[in-house]
Structures are given as C-alpha cells and as structure tokens.
Amino acid sequence: MRAIVHHRFGEPSAVLTVIDLPLPEPGPGQVRVQTRLSPIHNHNLWTIRGIYGFKPTLPAQAGTEAVGVVDARGPGVDSPAIGQRVATGGTFGVWAEYFVADVDELVPVGDRTSDEVAAQLVSMPFSAISLLESLDLAQEDWVVQNAANGTVGRLVAQLAAARGVNVAGLVRRSAAVDELAVQGIGNIFATDSPGWRSELLATTAGGRIAVGVDSVGGEASGQLVSVLSENGVLVVFGGMQSPVMHVPSGDIMFKGITVTGFWSSQVRARMDHHRRAALLTELGQHIDDGDLTLPVEATYGFDAVREATAANAVAGRTGKVLLRP
C-alpha cells in the first residue's frame, strides 16, 4: 500500500513523502480499514514537527482521523461487518491507503452522512463538545475563546449556541468577523481593532467571563486573561502561534486566575464509554439538525501532501483540508 511518512522531524511541507509499505494485518480486537478521506489537523502537523505531546519513532507515518470501509477483521472480531463504513479520530497512521484500528476506536457511519462529514466527525467535534462538557458554568457565565475562526473555534461556537452557552470569540483579523458572520457566528471581536476589549466587555455586561480558551499562545494568552473575571479559568487548548504563553503575573495574582490544560486524547481515553457514546450521538443529531457544519476547503491526493499541508496554513480558510488516497 501507499502511505505518507517522514524520516525526520521538521516542517511538513519539507519532510513528508509517499512510499510503499506492506499491507498491515489486523490482530485480535482490530480491523483493517481502506481509507477514503482524512483531514489535516494542527496536531498532526505538530507531531510531524516533533513538538507535540506524542512523538513517534522515525521513520513515522502520520494522521489520526479518517473515514473508510472495513475490509478485513482480526481473530475473534465479529463486528463491524466487512464493507461497513467507519470513522476514527484516535488511530495513528491513517494517512495511508489502509490502516489497522482497534474496534473500540471506530464509529459506524450511517448512509445519511457523507464521506466529507464523516472524515471530520470524531476528532475536532468531539474535542469541542467534550471541552464544553468539562466547563463548570452558570447560566449567566461567558466563555471567551481565541482562534474563533479555526475549526474548533467554529465548532465550539455552534455547539455552545445549541446548548445555550454564552460564547464570544477573538480573531486577529477584522475580515474574519465578517467571514464568521456569514456562517451565522456572532459575538466576534478582532484584536487588531483598538476598541475590542471595551466592545467585548459591553457585550458580556451583566454576565461573568468565567473561562478563556487559548488555542494560540504567545501574547494572545495574555489578551484572554486580561478580560477574565475574578477567579476565572484559562484553559490551554493549543499553541498555534507559540508554545510559550505571555501572561501578566499581576492578572493571575490579583484576579485569582487558574490556568489548566485540556488535551482531548487524554480526556477521551479517560471518559466513560457510555458518556463518550452519548456525546457522539449528540454530535450526530446536531449535524442532522444543521446546528453543526463541517465544511471542506479543498481535497488533495497523497502525492500533493506537501502542498496540502501548506494550504492548511492559509489565512481565511473556512473549511478543512482533506487528503484522499
């Protein structure tokens, strides 16, 4: 089979290549899946750069989420059936024509769900809904997130609206406010506007800014802390701009701010199986109802993977970049 690999850590657009590998065989409790589509996530690219919480042994494959069709089952596996379409959000090495997955990591995909939606169904939407699930919020509380025009930012906003949670978002470009408005997402503030803090505080007046969700790092972390209410919580979700957070010590000390991390892989692994299934069911319902959208920006073949990873970084992107074998 053909698979995307890297022989050293570095910039994905420079180190990724396509090679032939032996077809993998499923073991007990596993199935083999023929890949149809797989999205590019920021954590995939951080892993390839060697700066993520998980660092694979080189040479390494890549990718963690995909939709495909079961084509072989390991010993003792009776379900899912051969030919069943399935999705996974936590199987390493899915940027290949075939991959082996533990049965427990697979979600059956129904006929009403397109490959384009199913390919994105588990990882980012589940991260967004489990993040909201983890927050201890009162009815009048607000969540403020940066990278509001990113995939998780858009999903958090849509899911929050469906769940009745107050969410405001920060973006770095004024143009992104209009881009999100077209998608029905409001309460967005551009930090390149000098009055963004006063506008945000006016919008949230009467409520408490209880949580800030930081996906950017650097100076953006301090921006979130600056608007948090007393005893607020800064949740570190990512570091797209910088792995170092610049946060004024006075804000932390005098407002009693708590800083904590959120790593979806760890949360998913620790979550009760029944609760995880319930959240995935809720996600499917929101998609069917139109509350949750999973747009696609572009689809690239494996041979264009370097171009695909570069396209993932283009400002103003409104959907996921997908890979197709």
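The paragraphs below set out a description of the structure included in this document.

**Re the overall build of the chain**
- Counting secondary structure elements, the chain contains 12 helices and 16 strands.
- In terms of overall size, the chain behaves like a compact globule, its C-alpha atoms giving a radius of gyration of 20 Å where 325 residues would be expected to give roughly 20 Å.
- Reported as C-alpha extents along the three principal axes, the dimensions of the chain are approximately 60 × 40 × 35 Å.
- In the chain, buried positions account for 49% of the 325 residues.

**Quick look at helix H8 (residues 219-227)**
- Within H8 the residues assigned to the buried category are Ala-220, Ser-221, Gly-222, Leu-224, Val-225 and Val-227.
- Lining the buried residues of H8 we find strand S9 (141-145), strand S10 (166-171), helix H7 (196-203), strand S12 (208-214), strand S13 (233-236) and helix H9 (249-255).

**Brief notes about the pairing of S12**
- Judged by how many residues are buried, S12 sits mostly within the fold: 6 of 7 residues are covered.
- Pairing of S9 with S12 involves 5 bridges; the strand directions are parallel. Note that in S12 the partner of Gln-145 across the bridge is Val-213.
- Regarding the hand of the β-α-β motif, the stretch spanning S12, H8 and S13 is right-handed.

**Concerning the pattern of salt bridges**
- In total, this model carries 12 salt bridges according to the counting rule given.
- Its salt-bridge partner being Arg-32, residue Asp-71 comes within 2.9 Å of it at the nearest N-O pair. Here Asp-71, found in strand S5 (residues 66-73), pairs with Arg-32, found in strand S3 (residues 30-39); they are 39 residues apart in sequence, far enough to count as distant.
- On the basis of relative accessibility, which here comes to 27%, the residue Asp-71 falls in the partly exposed class.
- With relative accessibility at 9%, the residue Arg-32 sits in the buried group.

**Side note on the sheet that holds S10**
- Taken in spatial order, the 6 strands line up as S11-S10-S9-S12-S13-S14 in an open sheet, and their pairing is parallel. Two strands bound the open sheet, and with one partner strand each, they are strand S11 (188-190) and strand S14 (258-261). Between one strand and the next, the sheet's axes are offset by a mean angle of 20°, whatever the strand orientation.
- Where H7 meets the sheet, it contacts S9, S10, S11 and S12, and its direction lies at approximately 165° from that of S11.
- Sheet strands in contact with H8 are S9, S10, S12 and S13, and its direction is about 170° off that of S12.

**Overview of the side chain of Ser-242**
- Position of Ser-242 among the secondary structure elements: in the loop between S13 and H9.
- A distance of 3.0 Å separates a polar side-chain atom of Ser-242 from the backbone nitrogen of Val-244.
- Those residues within four positions of Ser-242 in sequence are excluded, and the remaining contacts are Val-216, Gly-217 and Gly-218.

**Remarks on the sheet that holds strand S2 (residues 16-20)**
- An order of S2-S1-S4 is seen for the 3 strands of this open sheet, with the pairing classed as antiparallel. Two strands bound the open sheet, and with one partner strand each, they are S2 and strand S4 (60-61).
- As defined by bridge partners, strand S1 (residues 2-6) adjoins S2 across 5 bridges and the pair is classed as antiparallel. Along S2, the bridge assignment pairs His-6 with Leu-16.

**Examining unusual backbone geometry**
- Cis geometry is adopted by the peptide bond preceding Pro-59, which originates at Leu-58 and carries an omega value of -10°.
- With respect to the secondary-structure elements, Pro-59 resides in the loop between helix H2 (42-49) and S4.
- Going from Ser-79 to Pro-80, the amide bond is cis rather than trans, its omega being 5°.
- Looking at where Pro-80 falls in the secondary structure, it is placed in the loop between S5 and strand S6 (85-88).

Rules and cut-offs
- Residues numbered from 1 in each chain as written.
- Predicted model: local features only at pLDDT ≥ 70, side-chain atom pairs only at ≥ 80, totals over all residues.
- Heavy atoms only, no water.
- Helix = DSSP H or I, 4+ residues; strand = E, 2+ residues; numbered from the N terminus.
- Rg over C-alpha atoms; globule rule 2.2 N^0.38 Å.
- Buried < 20%, exposed > 50% of the residue type's maximum accessible area, 1.4 Å probe, protein only.
- Contact = heavy atoms within 4.5 Å.
- Pairing = 2+ DSSP bridges.
- Right-handed = clockwise from strand over helix to strand, strands pointing away.
- Salt bridge = Lys/Arg side-chain N within 4 Å of Asp/Glu carboxyl O.
- Axes fitted to C-alpha atoms, helices over the stretch in contact; angles between N-to-C directions.
- Polar contact = N/O pair within 3.5 Å; in protein donor to acceptor, adjacent residues only side chain to side chain.

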